[in-house]
Amino acid sequence: MSKIFVVDIARCSGCYNCQLACKDEHAENDWLPYAAAQPLTGQFWCRVEDHVHGTIPKVKIHYESQLCRHCENEACMNACPAGAIYRREAEGFVLIDPAKCTGCRACITACPYGMVYFNEQKHIAQKCTGCAHLLDAGYTQPRCVEACPTDALRIVDAEPVNGERVVYKNRPGRFIGGLVYDPVEKEVIIGAECTLSDGRVTLTDDFGDFWFHNLPEGRYDLTIQAEGYAAKVFQALSTEGQDVNLGDIAMDKLSV
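So, here is what we can say about the structure in this document. (Residues numbered from 1 in each chain as written. Predicted model: local features only at pLDDT ≥ 70, side-chain atom pairs only at ≥ 80, totals over all residues. Heavy atoms only, no water.)

### Quick word on the sheet that holds strand 8 (residues 153–157)
By way of backbone hydrogen bonds, the strands of a sheet pair with one another, either parallel or antiparallel. The strand order across the open sheet formed by three strands is 8-1-9, and the pairing between neighbours is mixed. Since the sheet does not close on itself, it has two edges, and those belong to strand 8 and strand 9 (166–169), each with one partner. Direction aside, neighbouring strands of the sheet carry axes that sit 30° apart on average. (Pairing = 2+ DSSP bridges. Helix = DSSP H or I, 4+ residues; strand = E, 2+ residues; numbered from the N terminus. Axes fitted to C-alpha atoms, helices over the stretch in contact; angles between N-to-C directions.)

The following block contains the structure:
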C-alpha cells in the first residue's frame, strides 16, 4: 500500500519540531544506501515556511511543512541522465541513489517545488527519503511525523492525490477585516453589523473588530450598519492575491 504525508495546516503551531527532527536524523548521518549524510547547513529536507497575511494590526500567520512530494510524474527522475533516481515499491517514495548520482543537478532544476538540494562536499543531489531507513527497520513513522506534537503532520496508507504524496489540508483563504469606531466619542462600536455581498454576516466584537475569514479570492461589497449611525459601504474589495485590512473605520452619527 502506498503512503502519503498529510499536513493539516489548521493544527500546525509553527514549533519547527519536524524541521529540527529531520535535521537531527540526517545531518552528518550516513543512511546508505538510502542517502548519504546531509550537511549541517544549507539543506532542509523538511522545511517549515511561514505565510503572513494582512497588514498591521490585522495580521494572521500560518505555517506549512514543505516536503518532497514524491511525485507520480517524477520530474526529477525523468531529468536524471544517470538513472540515479528510483521509486521504492514498498510505499512509493522517490529516492536518489548517492552511489549513482553524478552531480549534474538536472533533478534540482526539474523539481517544481525546490525540494532537491546539492551537497557541494559530496557533489551529489539530495532530498527527503521519507526516512526509508527507519521504515525498513520496522518503524511506523518518519522522524518529522514522530516529532510533531499536534498531529499536524501524519503519514497514512493511501494512494497519491493529484499525483503527489504530500496532501495539504485546511490551507486558509483570504480575509477582510477592520475596526469600527465613533470618532466623536472616541470609542469603538460593539455589535455593528457587517455584511458582505455574498451574504456573509458578522458583528464587531468587544474591541470593535470584525473579520471575515477563509474567503475565496474575488471581489466583495461590504456594508457596515450600527444603530444610530449612517451606514458605511465599501465596494469592490479585492481579495485576489491579498488580504484586506480596512484599518480604523469611522462611523458618522445620524442627526436627531
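### Quick word on the sheet that holds strand 16 (residues 232–238)
The four strands are arranged 13-12-15-16 in an open sheet whose pairing can be described as antiparallel. The sheet is open, and its two borders are formed by strand 13 (201–203) and strand 16, each paired with just one other strand. If you compare each strand with its neighbour and ignore which way they point, the axes differ by 20° on average. Sheet analysis places strand 15 (residues 219–225) next to strand 16, joined by five bridges and oriented antiparallel. By the bridge assignment for strand 16, Thr-223 is matched with Val-233.

### Section: helix 1 (residues 17–26)
An α-helical segment advances 3.6 residues per turn. Residues three or four places apart therefore align on the same side. Burial analysis of helix 1 places seven of its 10 residues in the buried class, the great majority of the element. Residues Cys-18, Gln-19, Ala-21, Cys-22, Lys-23, Glu-25 and His-26 constitute the buried set of helix 1. Buried residues in helix 1 make contact with strand 2 (47–55), strand 3 (58–66), helix 4 (132–136), helix 5 (143–147) and strand 8. Directly after helix 1, the chain includes Glu-28, whose backbone phi takes a positive value near 60°. (Buried < 20%, exposed > 50% of the residue type's maximum accessible area, 1.4 Å probe, protein only. Contact = heavy atoms within 4.5 Å.)

### Describing a nonpolar patch on the surface
A surface patch of nonpolar side chains, amounting to about 390 Å² of accessible area, comprises Val-52, Ile-56, Val-59 and Ile-61. Mapped onto the elements of the fold, Val-59 is located in strand 3. For Val-59, a relative accessible area of 35% translates into the label partly exposed. (Patch = residues over 30% accessible without salt bridge, like charges linked within 9 Å, V, L, I, M, F, W, Y side chains within 5 Å. Areas by Shrake-Rupley, 256 points an atom, 1.4 Å probe, with all protein chains shown as cover. Salt bridge = Lys/Arg side-chain N within 4 Å of Asp/Glu carboxyl O.)

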